Amino acid sequence: MNEPGLKTRREFLRTGLLGSSLCWTVPTFLQNTMASLHAAADGQIVQGVTGKDGNILVVLQLAGGNDGLNTVVPLGDDDYRRARPTLGLRDDQVLKLGQKEKAGLHPALAGLAKSYEEGTLAVIQGVGYPNPNRSHFRSTEIWATATDENKASSTGWIGRYFDNTCAGCDAAVGITLGSQTPQAFSAKSPKGVLYEAGGSKRRRLGADGEPEADGSMAMDGDLEEGPAGGSIGDIAGSSGKINALDFLERTEMDVQVTQKEIAAASKRGKNGVPYPGSWLGNQFALISRLIAGGMKTRVYYVSQGGYDTHTGQTNAHERLLREMGDAVTAFLADLKTQGNLGRVTLMTFSEFGRRVRENASGGTDHGAAAPLFLAGGGIQAGLLGKMPSLAARDLDDGDVKFNVDFRSVYATVLEKHLGVKADPILGRAFPLLQAYG
Amino acid sequence: MAMAALPPSAWDKEKAGVLLQRAGFGGTPEEAEALARLQPWQAADSLLGSPELAQTPPPESVTRPGLTEQQRLIRRRLNLLTPKDREKKANELTRAVRAEQEKRLTDLRGWWLERMATPATAAREKVVLFLHGHFATSEEKVRNPVLLYRQNQMFRERALGSWSDLVLGIARDPAMLIYLDGARSRPEHPNENFARELFELFTLGEGNYTEKDIQESARAFTGWTLRMTKKPGEAMDEETTEPYFVNNPKWHDAKSKKIFGKSGSFDGEDVVRLALEQPAASRWIAGKLWRFYTGSSPDEETHRGLVSLWQENKGQLRPFLQAMWTSAQFYSPDLARNRVKSPVEWLVGLCRQLGRPLPAPALAAEMTAQLGQKLFAPPNVKGWDGGITWINTTSLEKRYEYGSWLVGGTLGMRRLGGMDLARLAVQSGLLEVPAPMIEGNTAENPDLKKEFAEKRKAAAGQARELLAVSPAPLAPLAGPEERQDPGRLVTHLSTRLLPGEPPPPELQARYRKAAGKTTPLNDAAVRQTVLAIVQSPVYQLG
């Protein structure tokens, strides 16, 4: 590990300069010392990001397994209609992508359809990996670690990006909006801090008296949320290779130095457009303020849970997609007003899609390949990959087959957007996609 | 390789302190000394106590009907109302149900935390906490707190018995049947959710079963479902009535299945038996218990030893736990201070060590939730990941902040972190819901908005008093002798707060600095020293 400063910083902690006051504040001189240590380490950050330049990746996880077939819907497909007698969307309901394409977006994604027309949204179809795993946890882990489905890794792909490009840099090079560091951030030299915008979560007696969105008490109503997905997995892998005390001491220091910096940036930055009042909307509004406020963060990570729609899918899925689409649309518009849209790529992903055939409880079970979105100023709009065939002979145990390896998407973002070599991070070469103009 | 028993000669008060922390929620030096006077096996036995300790009256609110008679009457007559009135009344009822559920959940959390903080029941409750994370079930989906209580009590009663009883218990548990959709599974379309997690998370681990095993097992579990106690003319729902487990043969797929290479017309009981017969089964649970209690994955040799121990004890938890807790490997120096306390363990343990009561249930529950462990609401069916995932910049800062409340009290503080005290007080039933809070959206009515703001402010003030945390009593923390000498105070407090080997000299220096040099040390100096320990990375480990 090449971490200049860390040993020194730990010595600071050990020699007892911290923790000596009741209100637990760091003496200013120490803070300054640490800031300069961080500044020294910053030299390692790729291309010297100053907060005004340098590209940014925003990862949006749709946790629980998003139903790809009802997100990017095949048009005029009889197999789809047969497999989805109650859940299927009619051709006249979906938002067509372009004139001649045989696919359209779920009607709740109007904002994204507009982005597609404006040229800032690419849809990658049929993304997955060989021998798909249908466990939430294992499949999430595969996406997070970017390994083959039969291999394990204690580091995540974003963590390896940090390890390879800025091992000594500030922890805030990655920010997770939420309460747990995602497994994709696992690294030899862990980075990433958590910061979350306040605001209503869901389904609670609102102290503000706001009635709940879903007033139904009936058993067969929508399930508000399945097992809330979110970021799954542990930072160091289960092997416990990271010494817990080291990790704690490091985190203690990050609290001192980083949280204040982020809070300040979020005050400096201003939102230029209104955002939906949802939790996700609040998080995207915060990311936008942090970008505008000059944070040097390269990766933001946010997760929206609830996509595990085994039962009563129609309303639940529509609500989730609307929440997602509205938040992302506001975010893209805000970045445009800031002049930062060209610096940002937003990538969605979900651990798997869902079975082609709907189940008997008005839902769908765990499936395999699914589409994902790339959005941002540098993106070249279009439909990439192939809409998977739903004909019985083309299915794999009832699931659609993938035609784009998810690591091709990662490789494209790493090389074309973040400007780094993808092979050392992903272990080998993957074909790049024509997603950037 | 067998697990070596710790020789009685190696059993001392440091190890007893470690056991007290890991097997339970920590305790005082006096308790550690009492344990150290017993033989290791007896010490482990005494922590688990007698079986009757599993029996305890539930929190009162959980035993009440979910709706009052009047509310039931209204609900029965909803259809007689005009559509507009119907919607209004239905919304009122929904809010009443939600409010009652929140109150019950708060009661339930407070009740459970109290049991954890009680020395006699701590170790059993620690097993219950393990089971809650292992067979994770969340109120986010299972909205009826009575069902969560019943599951929790099932864990408590079976916590020290046989593993197969626990697995069977969860397969028939109403909350689990709702959480993983088993109750909705039908032969024409079996739901695979429970079968999958049964193998992947509960009994075997990934890679030890096939997709086909899951599909066939899902068929075997059909028929295990719920029935509602339905009164004539009443709407049926799982939120206010109490569904119970039934085996409904009409919904069971009795045809032949092939599971783990064996064929037969299996039912749910058979699936559990077949799963637990798999070689992976002992390995899975024995390894997971080791990780829970030591904070590290077992190395291969230890893992094999644990598997033999599990098999020798025929999957009985009590003798297995006692043997694990009294093995030499459990006290290996490699494991010392490498296990992060969970938020619940941190809170309960700190209160125990300080000799102070837990905060009010609403506040205690909110603290653990803010720290990442909301009881009865694990993040997903995998439960909490634990280990260093408990720690991040936000949670560590909050541990330090809450630590200062528990040491110094909250008297005179205008704000408690970012907590919405009025909401907490309302949720726990300490405060009546101020009228505007339940009257819906106030945005369009300026007068209502003002009234709302005023009532809210008043409620927050009241809540601050109702939920106030008292300062920790100082008598157990520092006697007259310790107040004479900062070094002595630090030694005394380290023994109390950091079980195991004494902390390294540089850390002791950090603590001594907090005490200052003016002797005799006054109350503020003692509190600062306690706080310096609580607000240090090493305190998060145990």
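Asker: Quick rundown of the overall build of chain A? Include the residues and the values.
Answerer: From N to C terminus, chain A includes eleven helices and twelve strands. The burial tally for chain A puts 57% of its 437 residues in the buried class. Intrachain contacts of chain A at a sequence separation of at least 6 include 75% that bridge at least 24 residues.

Asker: Go over the confidence of the model for chain B with me, naming the residues and quoting the values.
Answerer: On average, residues of chain B score 91 in pLDDT, and 96% of them reach the 70 mark or higher. Under the prediction, the complex receives an ipTM of 0.88, its pTM being 0.75.

Asker: Can you tell me about the domain arrangement of chain B, naming the residues and giving the values?
Answerer: When the parts come together, some accessible area is lost, and that loss is often what is quoted as the size of the interface. Residues and elements named next belong to chain B. The domain boundaries assigned to chain B delineate domain 1 (40-280), domain 2 (288-333) and domain 3 (480-540). Taking only C-alpha atoms into account, the centre of domain 1 sits 28 Å from that of domain 2. Of the residues lining the interface, 14 residues belong to domain 1; the matching set on domain 2 comes to nine residues. Taken together, the elements giving at least two residues each to the side of domain 1 that touches domain 2 come down to helix 3 (40-48), helix 7 (122-134) and helix 9 (163-171). Element by element, the count of residues in the side of domain 1 that touches domain 2 is highest for helix 3, at five residues. Split into classes, the residues belonging to the side of domain 1 that touches domain 2 amount to nine nonpolar, four polar and one charged.

Asker: Describe helix 7 of chain B, and please don't skip the residues or the numbers.
Answerer: Residues and elements named next belong to chain B. For helix 7, which comprises 13 residues, the first-to-last C-alpha distance of 18 Å matches the rise-based estimate of 18 Å (1.5 Å per residue) to within 8%. Burial of helix 7 is extensive: ten of the 13 residues sit out of reach of the surface. Those residues of helix 7 not exposed but buried are A122, A123, R124, E125, K126, V127, V128, L129, L131 and H132.

Asker: Explain the environment of L177 of chain B to me, using residue names and the numbers behind them.
Answerer: All names here are of chain B. Structurally, the position occupied by L177 is in helix 10 (residues 174-179). The buried category is assigned to L177, around which 26 C-beta atoms lie within 10 Å. When neighbours within four sequence positions are excluded, L177 is seen to be in contact with G182, A183, W224, T225, L226 and F245.

Asker: Got a sec to walk through helix 14 (residues 279-294) of chain B? Specific residues and values, please.
Answerer: Residues and elements named next belong to chain B. Taking 1.5 Å per residue as the helical rise, helix 14 with its 16 residues ought to reach 22 Å, and the 23 Å between its terminal C-alpha atoms agrees with that figure. Taken together, the buried positions of helix 14 are A281, W284, I285, A286, L289, W290, Y293 and T294. Looking at the buried residues of helix 14, the elements they touch are helix 1 (13-23), helix 9, helix 11 (193-203), helix 13 (268-277), helix 15 (300-312) and helix 16 (317-325). Trailing helix 14 by a residue or two, G295 shows a phi angle of about 85 degrees, which is positive.

Asker: Run through the packing of helix 25 (residues 505-515) of chain B against helix 26 (residues 523-534) of chain B, naming residues and quoting values.
Answerer: All names here are of chain B. For the pair helix 25 and helix 26, interaxial distance at closest approach is 7 Å and the crossing angle is 150 degrees. By the angle between their axes, helix 25 is roughly antiparallel relative to helix 26. In the packing of helix 25 onto helix 26, the handedness of the crossing is right-handed. Where helix 25 abuts helix 26, its residues R510, Y511, A514 and A515 lie against A525, Q528, T529, A532 and I533. Here the contact of helix 25 with helix 26 is built from residues that sort into six nonpolar, two polar and one charged.

Calculation rules
Position numbers for residues start from 1 in each chain and track the written sequence from start to end. Starting at A for chains and at 1 for ligands, labels are handed out in the order in which the entities are written. With pLDDT at 70 or above as the cut-off, local features in this predicted model cover only qualifying residues; side-chain atom pairs require 80 or more to be listed or tallied, and sums for whole chains, interfaces and linings still use all residues. Only DSSP runs of H or I covering at least 4 residues are called helices, and only runs of E covering at least 2 are called strands; the numbering of each starts at the N terminus. With C-beta atoms placed from the backbone, the exposure class of a residue follows from how many other C-beta atoms lie within 10 Å of its own: 20 or more, buried; 12 or fewer, exposed; in between, partly exposed. Our contact criterion uses C-beta atoms placed from the backbone: two residues qualify when those atoms are within 7 Å. Scored from 0 to 100, pLDDT records how confident the predictor is in each individual residue. Start and end points for every domain follow an automatic or database-based domain assignment. Following the grouping adopted for this structure description, the nonpolar residues are Ala, Val, Leu, Ile, Met, Phe, Trp, Tyr, Cys and Pro, the charged ones are Asp, Glu, Lys and Arg, and the polar ones are all others, Gly among them. The length a helix should cover is 1.5 Å for every residue beyond the first. Every axis in this analysis is a line fitted to C-alpha atoms, fitted for helices over the stretch in contact. Angles between the N-to-C directions lie between 0 and 180 degrees. With respect to orientation, any angle under 35 degrees is reported as roughly parallel, any angle over 145 as roughly antiparallel, any angle of 65 to 115 as roughly perpendicular, and every other angle as oblique. Handedness of each helix crossing follows the sense of rotation of the near helix against the far helix: counterclockwise by less than a right angle gives left-handed, clockwise gives right-handed.

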